[in-house]
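Coordinate analysis (summary)
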Amino acid sequence: ISIHIATSVADLHTIDGTPMPSMFHNDLWSAQYLFQNGIFLLSDFNYARPIYINKKTNEQCRMSHFGMAYWKGRSLEEHQKHFQDRNFRPVPPDVVDVWMM
């Protein structure tokens, strides 16, 4: 099961074939998987977002808001933002999916 979950996230992050993640799910949890033919498949992409690349610097654009409620599993950085912590630093969007795993 863990291999299926990790592979699905890796596949989503590299969907465009570039070395930089291009998409993140943003709502990863057990109910987002379907079981078909012995494989767990990632579904429900309504909160998925593209990861934009700054054309001048070729770096990922950091996001400070992901549009989701804070009652689900969130990264430390998202909680810092929510509670207006002075140490808040935006995270790369693809890291959100790893925290949710």
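Residues numbered from 1 in each chain as written. Predicted model: local features only at pLDDT ≥ 70, side-chain atom pairs only at ≥ 80, totals over all residues. Heavy atoms only, no water.

Our next topic: the overall build of the chain. From N to C terminus, the chain includes three helices and four strands. Helices and strands appear in the chain in the N-to-C order α-β-β-β-β-α-α. Taken over 101 residues, the chain has a buried fraction of 33%. A total accessible area of about 6800 Å² is found for the chain, and carbon and sulfur atoms account for 58% of it. (Helix = DSSP H or I, 4+ residues; strand = E, 2+ residues; numbered from the N terminus. Buried < 20%, exposed > 50% of the residue type's maximum accessible area, 1.4 Å probe, protein only. Areas by Shrake-Rupley, 256 points an atom, 1.4 Å probe, with all protein chains shown as cover.)

Moving on to the packing of aromatic side chains. Throughout the structure, instances matching the rule amount to one aromatic pair. Relative to F40, the ring of F35 has its centre 4.7 Å away and its plane inclined at 50°; by these criteria the two rings are tilted. Overall, the relative accessible area of 53% leaves F35 in the exposed class. Note on F40: relative accessible area 25%, which makes it partly exposed. (Phe/Tyr/Trp six-rings, centres within 6.5 Å; stacked < 30°, edge-to-face > 60°.)

The next subject is the pairing of strand β2 (residues 33–36). Both β2 and strand β3 (residues 39–42) contribute to a ladder of four bridges, which runs antiparallel. Looking across to β3, one finds that Y33 is bridged to L42. Between β2 and β3, which pair antiparallel one after the other, the connecting turn spans two residues, and N37 there sits at a positive phi close to 50°. (Pairing = 2+ DSSP bridges.)

Take the environment of A31 next. On the secondary structure map, A31 appears in the loop between β1 (23–24) and β2. In the structure, A31 is positioned eleven residues away from L42 in sequence and 9.3 Å away in space, judged by C-alpha atoms.

In the predicted model, the chain carries a mean pLDDT of 75, and 62% of its residues have values of at least 70. No element of the chain has a lower mean pLDDT than helix α2 (residues 76–82), which averages 61, and none a higher one than β2, which averages 92. (pLDDT = per-residue confidence, 0-100.)

A few words now on the environment of L34. Along the chain, L34 falls in strand β2. When neighbours within four sequence positions are excluded, L34 is seen to be in contact with I39, F40, L41 and S43. (Contact = heavy atoms within 4.5 Å.)

Taken together, the side chains of L34, I39 and L41 present a nonpolar region at the surface, about 250 Å² in accessible area. Its location among the elements puts L41 in strand β3. (Patch = residues over 30% accessible without salt bridge, like charges linked within 9 Å, V, L, I, M, F, W, Y side chains within 5 Å. Salt bridge = Lys/Arg side-chain N within 4 Å of Asp/Glu carboxyl O.)

You will see that N37, though not glycine, has its phi angle at about 50°, which is positive. Structurally, N37 can be placed in the loop between β2 and β3. For N58, which is not a glycine, the phi torsion comes out positive at approximately 60°. Checked against the element boundaries, N58 lands in the loop between β4 (49–50) and α2. Residue N58 is classed as exposed on the basis of its relative accessible area of 53%.

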